[in-house]
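As a plain string of letters, each chain reads:
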Amino acid sequence: MKINNVILRTVTRIVVYIILTLAVYLFLAGHNNPGGGFIGGLVLSSAFVLLFIVFDIETIEKAIPFDFKKVAALGAFLAVGTGFGAFVFDVPFLTQAFGYFNLPFFGEVELTTVTIFELGVALVVVGVVVTIILSISEDV
Amino acid sequence: MINIMLTAALVLFGIAIFISLCRIIIGPSLPDRVIALDMIGVHLVSAIAIISVLFHTTAFLEVILILAILSFISTIAFSKYIERGVIIERKHDS
């Protein structure tokens, strides 16, 4: 029997963008406010889990053609790579730097290397959580 | 005056959450428990909003958003489990 869930699908197409916007905001609010890579990655993976629940696995894997295990591996490589990148400048492991730059449209912004590390953490969290959810749902 | 009203509202929200918890424990069927869980989520969101008014801070507003999103997703997951028996499907028409 085919169950009609058109309301859920229509609502989800809007709500997913709200969740993704919140994830990006939490990711960028990282080093001054509550937020950061871990929480941003968790909210991002909750958006993916919502898509997997409302639609099905094959549709979403066709729409988002990422292997999430490779996403987790790429994130771990980025996070460790920023740690080892500190050795080039003869400073201890995981030393981070920041600076203030004048960009043409945004004005004076603060750019840090912590953001790259947080991006790696977020990718690891997204990959691991989505892989765990999909592995749990396999045996049905 | 406003502090007394907000504190009384917090106490009432606590009583409402306790009543919902009783419904989760003694609830005869599964949809009763799902509705009570969703009700606890809504009450927690409202209680956090009142706390952030009471403390004159905006640090808890992200908590409201994340709690609302997680409550929404968990309610959808429970509803789909009741309706279909599986939560994440493999094929489109099964």
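Conventions and cut-offs
Residues numbered from 1 in each chain as written. Chains lettered and ligands numbered in written order. Predicted model: local features only at pLDDT ≥ 70, side-chain atom pairs only at ≥ 80, totals over all residues. Heavy atoms only, no water. Helix = DSSP H or I, 4+ residues; strand = E, 2+ residues; numbered from the N terminus. Rg over C-alpha atoms; globule rule 2.2 N^0.38 Å. Buried < 20%, exposed > 50% of the residue type's maximum accessible area, 1.4 Å probe, protein only. Contact = heavy atoms within 4.5 Å. Expected span 1.5 Å × (residues − 1). UniProt positions renumbered as here; feature names shortened; annotations may be inferred. Phe/Tyr/Trp six-rings, centres within 6.5 Å; stacked < 30°, edge-to-face > 60°.

Another aspect to go through is the overall build of chain A. Looking only at helices and strands, chain A has five helices and two strands in total. Starting at the N terminus and ending at the C terminus, chain A contains elements arranged as α-α-α-α-β-β-α. Rg of the C-alpha trace for chain A: 18 Å, well past the compact-globule value of 14 Å for 140 residues, more than 25% over. Overall size of chain A, expressed as C-alpha extent along the three principal axes, is 65 × 35 × 25 Å. Looking at the 140 residues of chain A, the share that counts as buried comes to 37%. Expressed as a percentage of contacts within chain A between residues at least 6 apart in sequence, the contacts between residues at least 24 apart total 61%.

Quick look at unusual backbone geometry now. In this structure, Asp90 of chain A takes a positive phi of about 60 degrees despite not being glycine. In this structure, Asp90 of chain A sits in the loop between α4 (68-85) and β1 (98-103). A positive phi angle, close to 55 degrees, is found at His56 of chain B, a residue other than glycine.

Residues and elements named next belong to chain B. Over its 25 residues, helix α2 (residues 30-54) extends 36 Å from the first C-alpha to the last, a length consistent with the 36 Å expected when each residue adds 1.5 Å. Every buried residue of α2 is listed here: Val34, Ala36, Ile40, Gly41, His43, Ala47, Ile48, Ile50 and Ser52. Looking at the buried positions of α2, the neighbouring elements they touch are α1 (2-26) and α3 (61-84). Phi turns positive one or two residues past the end of α2, at His56, with a value near 55 degrees.

Feature annotation in UniProt assigns "domain: Na+/H+ antiporter MnhB subunit-related protein" (unreviewed entry) to the following positions: residues 7-131 of chain A. Helix makes up 66% of residues 7-131 of chain A and strand 10%, and the two end C-alpha atoms of the span are 28 Å apart.

Next up on the list: the packing of aromatic side chains. The geometry of an aromatic ring pair is captured by the separation of the ring centres together with the interplanar angle, meaning the angle of the planes. All names here are of chain A. In total, this model carries five aromatic pairs over all chains according to the counting rule given. The interplanar angle of 65 degrees and the centroid separation of 5.6 Å between the aromatic rings of Phe84 and Phe87 together place this pair among those described as edge-to-face. Among the residues examined, Phe87 registers a relative accessible area of 45% and is labelled partly exposed. One aromatic cluster is present, formed by Phe84, Phe87 and Phe93 through successive ring pairs.

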